[in-house]
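Here's the letter readout for the chains.
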Amino acid sequence: RMFILFAAPPEDQLEWNDSAIDGAWRFLNRIYMAAEKRFEQTDADIDPQGFDDTDKKLFREVHAAIKKVTNDFSKDLKFNTAISQIMILMNALEKYDPAEKPGKQALLNEAVKTVVLLMAPITPHLCEELWQMTGGEDVVAQAPWPVYQEEALIQDTVLVVVQVNGKVRAKLDVARDA
């Protein structure tokens, strides 16, 4: 099901590709491993005020994914771009190391649960199992859809690319308000 939704928009024809099914399978395994191996119950709360740069990046990716997937599902029915955004979130989640302090584990847990909720319409049976593994109550289909925070999407710095005669000469990180 994920392969079919990821391969092409609903209005386009799908060209079957056995190797792409393997890619979908590997991605679903990454999600499963994140829920099984990296999710740990914690009583700590997420505190955006105490975030360092890596925390901010993961927090921003979580809320960017929620916004993009919600828009793609509700307005455009672009399941392929929604799945792509979840893949971007998974990449950020896998790079994140929560070993330093308890609040970091809470952020990682929130990211894992968000991935499960966003994937639930695409892979409901797998996400139901993952929802139970991560301490979700009731069934995943009845869990509230995540809501993004607009302030989480604001970046402190912006990448500015400098081109001369069509060639990239520099990439600069500039303060957002400069």
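Because the structure is a prediction, the values reported are computed rather than measured. For every chain, the first residue of its written sequence is number 1, and the numbers climb from 1 along that sequence. Under the rules for a predicted model, residues below a pLDDT of 70 receive no local features and side-chain atom pairs below 80 are neither given nor counted, while totals for whole chains, interfaces and linings still include all residues. Excluding hydrogens and water, the side-chain values take into account all heavy atoms of the structure.

So, on to unusual backbone geometry. Most peptide bonds adopt trans geometry, and most residues besides glycine take a negative phi value. Located in the positive-phi region is Asp 138, a residue other than glycine, with phi close to 60°. Think of it this way: any DSSP run of H or I at least four residues long counts as a helix, any run of E at least two long counts as a strand, and we number them from the N terminus. Tracing the backbone shows Asp 138 in the loop between helix 6 (124-133) and strand 1 (157-164). Type-normalised accessible area, obtained with a 1.4 Å probe on protein chains alone, sets the label of each residue: buried when under 20%, exposed when over 50%, and partly exposed for intermediate values. The exposed category is assigned to Asp 138, whose relative accessible area is 60%. One non-glycine residue, Asn 165, adopts positive backbone phi at about 55°. For Asn 165, the location among the structural elements is in the loop between strand 1 and strand 2 (167-175). Asn 165 gets classed as exposed once you look at its relative accessible area, which sits at 76%.

Moving on: the environment of Gly 50. With respect to the helices and strands, the residue Gly 50 is situated in the loop between helix 2 (18-38) and helix 3 (53-76). With 123 residues separating them along the chain, Gly 50 and Asp 173 place their C-alpha atoms 22 Å apart. Among all residues touching Gly 50, those that are not within four sequence positions of it are Asp 55 and Lys 101. Only heavy atoms matter for contacts: two residues are in contact if any of them lie within 4.5 Å across the pair.

Let's shift gears to the side chain of Gln 105. Tracing the backbone shows Gln 105 in helix 5 (residues 102-119). A relative accessible area of 8% means that Gln 105 is categorised as buried. Pairs of N or O atoms are called polar contacts if they sit within 3.5 Å, as long as, within protein, a hydrogen donor faces a hydrogen acceptor (for residues adjacent in sequence, only side-chain-to-side-chain pairs). A distance of 3.0 Å separates a polar side-chain atom of Gln 105 from the backbone oxygen of Arg 38. A polar contact is formed between the side chain of Gln 105 and the side chain of Asn 109, at a distance of 2.8 Å. Residue contacts for Gln 105: discarding those within four places in its chain leaves Arg 38, Phe 39, Glu 40, Thr 42 and Pro 98.

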